[in-house]
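Coordinate analysis (summary)
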Amino acid sequence: MKKTWLIGAAALSALISYAAFAPSRELSPRAQIASTGAQSSVPAVHALDDGLALTPPMGWYPWNIFGEEPQNEKLIREIVAALVSSGLKDAGYAFVGPDEGICFYRQADGRLTTNLERYPSGLRGLGDYIHKKGLKYALYTDAGTRTCSKAMPGTKDHEFEDMRQFAEWRADYIKIDWCNTEGQDIVKTYTTLHDAQHAAGRPIVHSLCSWGDGYPWRWAAAVGHLWRTTTDICGPGQADWARAIRIAWANEGLAAFAGPGHWNDPDMMIAGMPGMSETQDRSFFSLWCMMAAPLIAGNDLRSMSEATMKTLTNLEAIAINQDPLGIQGKVIWADGTISLWGGKPLFDGSQAILVFNQGRTEAKKQIEWSEIGLDAATSCYVRNLWTQETSGPLTGGVTVSVAPDGVAMLRVSTKKDFPLPPIIVADSYLVSLRSTGAAPQKLTGTITITSKGTAELPLWRVGEGLPAWLFVTVTKNGKSQTFTNTVSTAGLKKGLYHAVIRADNTEPVSGKPMSALYYDVDLEVTRDVSGKSM
């Protein structure tokens, strides 16, 4: 939210809390923040510290289809159910929650409190529900005095207490708008919010939403994980195809600034919304995948068509977006209404290309190997990611026919196989345990992580700094790995205990680090327990 012009490319609940998310390997420290006027395309990267969003975030937010109304807990729970039942969760979509849904107020003491009329379980209760479904919790705020609708308080002058509250609510992702910020310095403000989140002790993906104001691609990688590059893609409830394509072209010019943990965000998706054809849905989704854009669905998942569901869950297209190299594709050439997008090498040595037809008639184009950096004599296989057909071996190039508003999205390789990178799905992100009685107990709870990629992953490595009462082991069964969390209550006092567990892994083909895995362990001790603690 919530600007009306297009910015071009130039232009706690826990009484005792433990933060066990130290990395399992040494990572580079956060570097100094570049100034707004810096020209470097490789700014400091905040994600080197927390390991978050090393591939573009995937999930769902309500604003595009609903706006502010009728956002409430009932809606979010229904969307969560649809995410799971439709197959979107199994395709990698994870983040979900309200977006300016009038979900909190500010109390007289300065602390945020849930709007219980809309969210009767409380925002912490909603977060626990989402985590137990194997999804991640997304919330919304603003860097100014009020949110864009002025219905909720912003974070100005409350940055540290607000970030503590978001941590207590167990948020995993926060979208931070830039409304009502008159007189504020954009770099200093978002830096303060980063520092406040770091002080709160919970790893959270920061989605900066200034619509391109302040040229965030030049500096925001040091304080966030993604930043909006343009204005809103549509008004609530109605997609705007022409506007979306203008936004895609504006975002394309910023490819040099994107990479693992720092992404250009051309806004949430409009695929499946009123005003879009099936062809346009596929083309839009293909462009967002090629640009390594966050895949945040914006349609009503409860009533989407079978065609929309198949578009949004096409794992071969999603694999281009979630490639661990994290390279944003760009335009190689444009010829009238036809453009060739490429410059996107993939983890296995193949590359993705896309031919986009913005004309009104079908177009037939010959793509020469030399145009995509290959020798004409190279023998290649070509995989069409929408028909899911493989042709080849071919030399010289490939010919495609593209419908109006359509795309040909291809993967080109010297090998016949087209493996998928890791796409991670969890059965839960919350382990809840409860002890009874004064005698020491050993309690266990598990979560299972599955990769939808082709190759089995190495064993996940659990981070350092676990609390003394908790021990975690990881076992492997094919593409699934189970984290067994064993708690010893000996010597613990009555109270609530909490740990955030971090685990790291490496994509086995490219050797690139994967996004760090985080989950919560809650322990309730109902009585003082005898014995010595571990």
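Residues numbered from 1 in each chain as written. Predicted model: local features only at pLDDT ≥ 70, side-chain atom pairs only at ≥ 80, totals over all residues. Heavy atoms only, no water.

The next subject is helix α8 (residues 278-290). Across its 13 residues, α8 extends 18 Å between first and last C-alpha, which sits within 8% of the 18 Å expected from 1.5 Å per residue. Among the 13 residues of α8, 10 are classified as buried, and the element is accordingly described as predominantly covered. Burial in α8 covers these residues: Gln280, Asp281, Ser283, Phe284, Phe285, Ser286, Leu287, Trp288, Cys289 and Met290. The first or second residue beyond α8 is alanine 292, which carries a positive phi of 50 degrees. (Helix = DSSP H or I, 4+ residues; strand = E, 2+ residues; numbered from the N terminus. Expected span 1.5 Å × (residues − 1). Buried < 20%, exposed > 50% of the residue type's maximum accessible area, 1.4 Å probe, protein only.)

Here we come to the sheet that holds strand β6 (residues 136-142). Strand order across the open sheet formed by eight strands is β10-β9-β8-β7-β6-β3-β2-β11, with parallel pairing between neighbours. Across the chains shown, the open sheet's two edge strands, defined by having one partner strand only, are β10 (263-265) and β11 (295-297). Examined bridge by bridge, strand β7 (residues 173-177) and strand β8 (residues 205-209) share five bridges and lie parallel to one another. Residue pairing across strands places isoleucine 174 opposite histidine 206, the latter belonging to β8. Of the strands in this sheet, β3 (95-96) and β6 touch helix α4 (residues 122-132), which is tilted by about 145 degrees from β6. (Pairing = 2+ DSSP bridges. Contact = heavy atoms within 4.5 Å. Axes fitted to C-alpha atoms, helices over the stretch in contact; angles between N-to-C directions.)

For the rest of this paragraph, the subject is the pairing of strand β24 (residues 470-477). Bridge count for β24 against strand β25 (residues 480-488) is eight bridges, and the pairing is antiparallel. Of the residues in β25, the one forming a bridge with asparagine 477 is serine 480. Hairpin connection between β24 and β25: a loop of two residues separates the two successive antiparallel strands, and glycine 478 in this loop has a positive phi of roughly 65 degrees.

We now examine helix α7 (residues 241-252). The α-helix advances 3.6 residues per turn, and as a result positions three or four apart in sequence lie on the same side. In a regular helix each residue adds 1.5 Å, so 12 residues correspond to 16 Å; α7 covers 16 Å between its end C-alpha atoms and thus fits that length. Among the residues of α7, Trp241, Ala244, Ile245, Ile247, Ala248, Ala250, Asn251 and Glu252 are the ones counted as buried. Residues of α7 that are buried in the fold lie against β10, α8, β12 (330-335), β13 (338-345) and β14 (351-357). Put simply, aspartate 240 is the residue that caps the front of α7, since its side-chain oxygen is 3.4 Å from the backbone nitrogen of alanine 242. (Polar contact = N/O pair within 3.5 Å; in protein donor to acceptor, adjacent residues only side chain to side chain.)

Our focus in this paragraph is the state of the cysteines. Per the counting criterion, the structure on display carries one disulfide. The partner cysteine of cysteine 148 in its disulfide is cysteine 179, sulfur to sulfur 1.9 Å. Here the S-S torsion is close to 85 degrees, and the disulfide linking cysteine 148 with cysteine 179 is therefore right-handed. Of this pair, cysteine 148 sits in the loop between β6 and α5 (159-168) while cysteine 179 sits in the loop between β7 and α6 (186-200), and the two are 31 residues apart along the sequence. For cysteine 179, a relative accessible area of 12% translates into the label buried. Cysteine 103 takes part in no disulfide bond, and the closest cysteine sulfur to it belongs to cysteine 148, at a distance of 14 Å. No disulfide involves cysteine 234; its sulfur sits 13 Å from the nearest other cysteine sulfur, which is in cysteine 209. (Disulfide = S-S within 2.5 Å.)

To continue, consider the packing of aromatic side chains. One pass over the full model with this rule turns up 15 aromatic pairs. Here tyrosine 61 and tyrosine 173 contribute two aromatic rings whose centre-to-centre distance is 5.9 Å and whose plane-to-plane angle is 70 degrees, an arrangement assigned as edge-to-face. With a gap of 112 residues between them, tyrosine 61 in the loop between β2 (58-60) and α2 (63-66) and tyrosine 173 in strand β7 connect regions that are remote in the sequence. For the pair tyrosine 61 and tyrosine 173, a shared accessibility class is recorded, and that class is buried. Put simply, the rings of Tyr61, Phe95 and Tyr173 pair up and form one aromatic cluster. Over the ring of tyrosine 129 we find arginine 77, and its NZ or CZ is 4.0 Å from the ring centre. The aromatic ring of tyrosine 429 is capped on one face by lysine 136, whose charged end is 4.0 Å from the ring centroid. (Phe/Tyr/Trp six-rings, centres within 6.5 Å; stacked < 30°, edge-to-face > 60°. Lys NZ or Arg CZ within 6 Å of the ring centre and 35° of its normal.)

Counting residues in each nonpolar core, the largest one holds 95 residues, and the members touching the most others are Tyr93, Tyr190, Phe284 and Trp288. Grouped together as the second largest cluster of nonpolar side chains are 27 residues, Ile447, Tyr497, Ala503 and Leu517 included. (Core = buried A, V, L, I, M, F, W, Y, C linked by side-chain atoms within 4.5 Å.)

Before going further, it helps to spend a moment on unusual backbone geometry. Where the residue is not glycine, phi is negative for most of them; where a peptide bond is considered, it is trans in most cases. The step from glutamate 69 to proline 70 runs through a cis peptide bond, and the omega angle for that step is 5 degrees. Relative to the elements of secondary structure, proline 70 occurs in the loop between α2 and α3 (73-85). Here the bond from glycine 392 into proline 393 is cis, since omega is 10 degrees, no more than 30 degrees from zero. Its place among the elements puts proline 393 in strand β17 (residues 389-394). Although it is not a glycine, tyrosine 215 sits at a positive phi angle of roughly 50 degrees. By the secondary structure assignment, tyrosine 215 is in the loop between β8 and β9 (226-228). Backbone geometry at aspartate 267 places phi at a positive 95 degrees, although glycine is not the residue there. Among the secondary structure elements, aspartate 267 is positioned in the loop between β10 and α8.

The next thing to look at is the pairing of β12. Sheet topology places β12 next to β13; five bridges connect them, and they run antiparallel. Within β13, the residue paired with aspartate 335 across the bridge is isoleucine 338. In textbook terms, the turn of a hairpin is the stretch between consecutive antiparallel strands, and for β12 and β13 this stretch comprises two residues, one of which, glycine 336, has a positive phi near 65 degrees.

It is worth spelling out the confidence of the model for the protein chain at this point. Scored by pLDDT, the protein chain has a mean of 91; 92% of the residues are at 70 or more. Low confidence marks residues 2-42, where pLDDT is under 50. Its contacts with residues over four positions away, or in another chain, come to 120 contacts. (pLDDT = per-residue confidence, 0-100.)

Here we take up the packing of α5 against α6. Interaxial distance between α5 and α6 falls to 8 Å at its minimum, and their mutual angle equals 45 degrees. On the basis of the axis angle, α5 is oblique to α6. Of the two elements, α5 crosses α6, and the hand of that crossing is right-handed. In this structure, α5 uses Glu159, Phe160, Met163, Arg164 and Ala167 to contact α6, whose residues at the interface are Thr192, Leu193, Asp195, Ala196, Gln197, Ala199 and Ala200. Across the contact of α5 with α6, the residue classes tally to seven nonpolar, two polar and three charged. (Parallel < 35°, antiparallel > 145°, perpendicular 65-115°, else oblique. Left-handed = near helix turned anticlockwise from the far one by under 90°. Nonpolar A, V, L, I, M, F, W, Y, C, P; charged D, E, K, R; others polar.)

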